[in-house]
Amino acid sequence: MNSKHRLAELRKALADVIPEAKLETATLPGGGGLVLTLLQESYPQHLLDSDALLRIMNEPLYWAFCWAAGQTLAQFLLEHPDYVEGRRVLDFGAGSGVVAMAAARAGAGSVVVCDSDTLAQKACLLNADLNSVDIEVIGQLSELSGAVDIVLAADVLYDRSNLHWLAHFFQLAPLVLLADSRMKDFACEGYRLLERRISHTLPDLDESEEFRAVSVYLGQRSADQQGTV
Ligand SMILES: C[S@@+](CC[C@H](N)C(=O)[O-])C[C@H]1O[C@@H](n2cnc3c(N)ncnc32)[C@H](O)[C@@H]1O
């Protein structure tokens, strides 16, 4: 399947949920020229009836947005390429693949993206093509072959039941960079706050200040944590 076919499939998937909306190529602010295929900035929210809202809740089109934490982590990697330079990186819960694209641009040795949503996998491949970067795509962590040096994850803690991933990441790599705008109070051994930034989702969902505040954490595996989770 080539980019043309992937784009056609993504357009159809979007039309099934929000018939009036379109995809467009958006440039990531502060993203060193990275571009992503996203829901159009001016999508007609006012035309959404209750059926459409229900379809969006049931089939969230995560890949059609660049989430606030994804935007932040992508910018962070471009400013601090040393975290990924020459390394094999994994972008877990990749969505549009924004973090993976930034890691590749920042000089990662190789980039694996993992997303359980097959449409997100197609969006990642389409966006990789648009940005002329190479990625490997998997649908679940059990498909990962070999070790990775660092796990990258942005806006994947939207549900408390996802918190167990934080410890699991240390089974995959000694280092984790996590950006999150949802979970304000998690405590997991090995993680420390690096910085906080104000960001927003693209297209802008006009979310509250609370969800625009993104925290970036560094996770460092201790000797005890290796293979014990
Ligand atoms: C809110 S989106 C974040 C996307 C992207 N990281 C960003 O910041 O723009 C969360 C993503 O995690 C993916 N996801 C959820 N559960 C997953 C799982 N068990 N394995 C892999 N991906 C998963 C979803 O499909 C979705 O694309």
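Worth saying up front: this structure is predicted, and the values here are computed from it rather than measured. (Residues numbered from 1 in each chain as written. Predicted model: local features only at pLDDT ≥ 70, side-chain atom pairs only at ≥ 80, totals over all residues. Heavy atoms only, no water.)

Quick look at the packing of helix α3 (residues 68–79) against helix α4 (residues 98–105) now. Look at α3 against α4: their axes get within 8 Å of each other, and the N-to-C directions meet at 5 degrees. One way to sum up the angle between α3 and α4 is to call them roughly parallel. Counting all contacts with α3, which are made through Gly70, Leu73, Ala74, Leu77 and Leu78, the residues of α4 involved are Val98, Val99, Ala102, Ala103 and Arg105. Looking at the contact of α3 with α4, its residues break down into eight nonpolar, one polar and one charged. (Axes fitted to C-alpha atoms, helices over the stretch in contact; angles between N-to-C directions. Helix = DSSP H or I, 4+ residues; strand = E, 2+ residues; numbered from the N terminus. Parallel < 35°, antiparallel > 145°, perpendicular 65-115°, else oblique. Contact = heavy atoms within 4.5 Å. Nonpolar A, V, L, I, M, F, W, Y, C, P; charged D, E, K, R; others polar.)

In this structure, Val84, Leu152 and Leu177 are the most contacted members of the largest nonpolar core, which totals 40 residues. Contributing elements (two or more residues each) for this core: β2 (35–39), α3, α4, β4 (110–114), α5 (118–130), β6 (150–154), β7 (175–180) and β9 (213–220). Sequence-distant contacts of Leu152, defined by excluding residues within four places in its chain, comprise Leu73, Leu77, Val84, Val89, Leu90, Asp91, Phe92, Val99, Ala103 and Leu177. (Core = buried A, V, L, I, M, F, W, Y, C linked by side-chain atoms within 4.5 Å. Buried < 20%, exposed > 50% of the residue type's maximum accessible area, 1.4 Å probe, protein only.)

The ligand sits among 16 residues. The nearest are Trp67, Gly93, Asp115, Ala154 and Tyr158. Between the ligand and the protein, one listed contact pairs a nitrogen atom with a backbone N or O atom of Gly93 at 2.8 Å. Contact distances for the ligand include 2.6 Å between an oxygen atom and a side-chain N or O atom of Asp115. Looking at the shell around the ligand residue by residue, the class counts come to nine nonpolar, four polar and three charged. (Near = heavy atom within 4 Å. Polar contact = N/O pair within 3.5 Å; in protein donor to acceptor, adjacent residues only side chain to side chain.)

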